[in-house]
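# Structural characterization, general
Okay, here's what each chain looks like letter by letter:
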Amino acid sequence: LGVIFGATALTIHGEMHFSPVGFGLQGVSMFCESIKLTLQSHSLSATGRRLDAFTYVLLVAPMVLAVLLSVMLGFCIFWPDRPEALGIPPLAVIIEYRWLLFTNGLLAFAMQISHAAFMKNSSAITFILTGVVMKDVVIVSVCALFLGEELSPSQVIGFCLQLLGVL
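Read on for an overview of the structure.

Rules used throughout
- Residues numbered from 1 in each chain as written.
- Predicted model: local features only at pLDDT ≥ 70, side-chain atom pairs only at ≥ 80, totals over all residues.
- Heavy atoms only, no water.
- Helix = DSSP H or I, 4+ residues; strand = E, 2+ residues; numbered from the N terminus.
- Polar contact = N/O pair within 3.5 Å; in protein donor to acceptor, adjacent residues only side chain to side chain.
- Contact = heavy atoms within 4.5 Å.
- Salt bridge = Lys/Arg side-chain N within 4 Å of Asp/Glu carboxyl O.
- Buried < 20%, exposed > 50% of the residue type's maximum accessible area, 1.4 Å probe, protein only.
- Expected span 1.5 Å × (residues − 1).
- Patch = residues over 30% accessible without salt bridge, like charges linked within 9 Å, V, L, I, M, F, W, Y side chains within 5 Å.
- Areas by Shrake-Rupley, 256 points an atom, 1.4 Å probe, with all protein chains shown as cover.
- Core = buried A, V, L, I, M, F, W, Y, C linked by side-chain atoms within 4.5 Å.

### Section: the side chain of Ser43
Looking at where Ser43 falls in the secondary structure, it is placed in helix H2 (residues 20–44). Side-chain polar atoms of Ser43 contact the backbone oxygen of Leu39, separated by 2.8 Å. Setting aside residues up to four positions removed in sequence, Ser43 forms contacts with Arg49, Arg50, Leu51 and Tyr56.

### Looking at the pattern of salt bridges
By the definition in use, this model includes one salt bridge. Here Lys36 and Glu33 are joined by a salt bridge, their closest N and O atoms 4.0 Å apart. Placement of the pair is Lys36 and Glu33 together in helix H2, with a separation of three residues, close to one helical turn. Exposure remark for Glu33: the relative accessible area of 33% places this residue in the partly exposed category.

### Observations regarding helix H5 (residues 98–121)
Here H5 spans 35 Å end to end across 24 residues, near enough to the 34 Å set by a 1.5 Å rise per residue. Of all the positions in H5, only Ile113, Ala116 and Met119 are classed as buried. Where H5 is buried, its residues contact H2, helix H3 (53–78) and helix H6 (124–146).

### As for a nonpolar patch on the surface
Residues Leu91, Val93, Ile94, Ile95, Tyr97, Leu100 and Leu101 make up a contiguous nonpolar surface patch of about 650 Å² in total accessible area. Where the nonpolar patch is concerned, the elements lending two or more residues are helix H4 (91–96) and H5. In terms of residue count, H4 provides more of the nonpolar patch than any other element does, four residues in total. Relative to the elements of secondary structure, Leu91 occurs in helix H4.

### Quick look at the nonpolar core
Grouped together as the largest cluster of nonpolar side chains are 11 residues: Leu37, Leu44, Leu51, Ala53, Tyr56, Val57, Ile113, Ala116, Met119, Ala124 and Phe127. Of all the elements in the fold, those that place two or more residues in this core are H2, H3, H5 and H6. Excluding its chain neighbours within four sequence positions, the residues that come into contact with Phe127 are Leu37, His115, Phe118 and Met119.

Here it is in structure tokens:
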């Protein structure tokens, strides 16, 4: 973990602006994610509930849907002048994009199954380290290769050390 932390510190480049709201949202997000991973690890482990990946997703998906619908309903009630992007799309738009939405739903389902299967066969720490590090490396690589973003030598070394730290 120390190698990954040090390597991540190398990848930070440029001026940083502290945002208390962003920091608070990130903290709440990390807290919720850690609770989710702890419960997922316990539910899938041999010492916990011993659920398989499909059963886990079958149990969790309706709860996630309830939370998302509650947030949407809260937006509708308590924020009537919200931006159009945060509203419920008209039925005609949903019908127009039905195949795209259906395919997106299938991919999301497959991702949830693969996450649960990976978690069942490894640990929450391994899941977090591989997910965070690989996501960072892919985002930066795509930006560097396709969008022309420049990387300093210390950033390249930092990302290489992150990958080595996970392995």
